[in-house]
Amino acid sequence: MNPAAALSNKLLTSAFQAHASDIHFYPFANKTDVYFRIQGTRILHQTIPTTQYELLLTYYKFSSGMDIGEIRKPQNGTITHHTDTGQYALRLSTLPVNHVESLAIRILPQEENLSLDQLFLFPNQLTKMKNWMTNRAGIILFTGPTGNGV
């Protein structure tokens, strides 16, 4: 396994174990800070050399179908990651900042299928939802901030 793939697996495993929703990379001249977003809070996980981050960035861009030569425009890509404990969809996005690119990875577990009963805080909410679903016409719209589970 190449060094970038090994570092990627190590970071992803740590993020999965911490139940992180995102991994954020903030590159500086000679170091890159790696943050996990856990329950809406950004927490510094580790700092790596920027040279190591550049290899990791190239690995992620290539693996997700992004153009590895494009550094002046924002890009998006996806990767499916399999582990012994489950499958994860990773949404990657890069953003140019000061002649380098920052990287954010959204982690979306694919194995967590909750029943309708598990989605509601109060029983009366579930009852109301079931009543709405018996209507032959209409729309039920849920909204909320990104990452809040709605």
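For the structure, check the block above.
As the structure is a computational prediction, the values presented were derived from the model and not from experiment.

About the thresholds
- Residues numbered from 1 in each chain as written.
- Predicted model: local features only at pLDDT ≥ 70, side-chain atom pairs only at ≥ 80, totals over all residues.
- Heavy atoms only, no water.
- Axes fitted to C-alpha atoms, helices over the stretch in contact; angles between N-to-C directions.
- Helix = DSSP H or I, 4+ residues; strand = E, 2+ residues; numbered from the N terminus.
- Parallel < 35°, antiparallel > 145°, perpendicular 65-115°, else oblique.
- Contact = heavy atoms within 4.5 Å.
- Nonpolar A, V, L, I, M, F, W, Y, C, P; charged D, E, K, R; others polar.
- Core = buried A, V, L, I, M, F, W, Y, C linked by side-chain atoms within 4.5 Å.
- Buried < 20%, exposed > 50% of the residue type's maximum accessible area, 1.4 Å probe, protein only.
- Expected span 1.5 Å × (residues − 1).
- Arc of directions from axis to C-beta.

For the rest of this paragraph, the subject is the packing of helix 1 (residues 3–17) against helix 2 (residues 50–63). Packing of helix 1 against helix 2 brings their axes to within 9 Å, and their N-to-C directions diverge by 85 degrees. Between helix 1 and helix 2, the angle falls in the class roughly perpendicular. Residue-level inspection shows Ala4, Ala5, Leu7, Ser8, Leu11 and Leu12 of helix 1 in contact with helix 2, the latter providing Gln52, Leu55, Leu56, Tyr59 and Tyr60. Residue composition of the contact of helix 1 with helix 2, by class: 9 nonpolar, 2 polar and no charged.

Another aspect to go through is the nonpolar core. Within soluble globular proteins, side chains that are nonpolar tend to cluster in buried spots. In this structure, Ile23, Phe25, Tyr60, Leu90, Leu92, Leu103 and Ile105 are the most contacted members of the largest nonpolar core, which totals 23 residues. When near neighbours in sequence (up to four residues on either side) are disregarded, leucine 103 contacts Ile23, His24, Phe25, Tyr53, Leu57, Tyr60, Leu92, Ser93 and Thr94.

So, on to helix 2. Taking 1.5 Å of rise per residue, 14 residues should cover 20 Å, and helix 2 covers 19 Å from first to last C-alpha, within 8% of that figure. Listing the buried residues of helix 2 in full gives Thr50, Tyr53, Leu56, Leu57, Tyr60 and Lys61. What you see down the axis of helix 2 is that its buried residues fit within an arc of 135 degrees, all on one side. Opposite the packed face of helix 2, turned more than 90 degrees from it, sit the exposed residues Thr51, Leu55 and Phe62. Two residues or fewer after helix 2 comes glycine 65, characterised by a positive phi angle close to 85 degrees.

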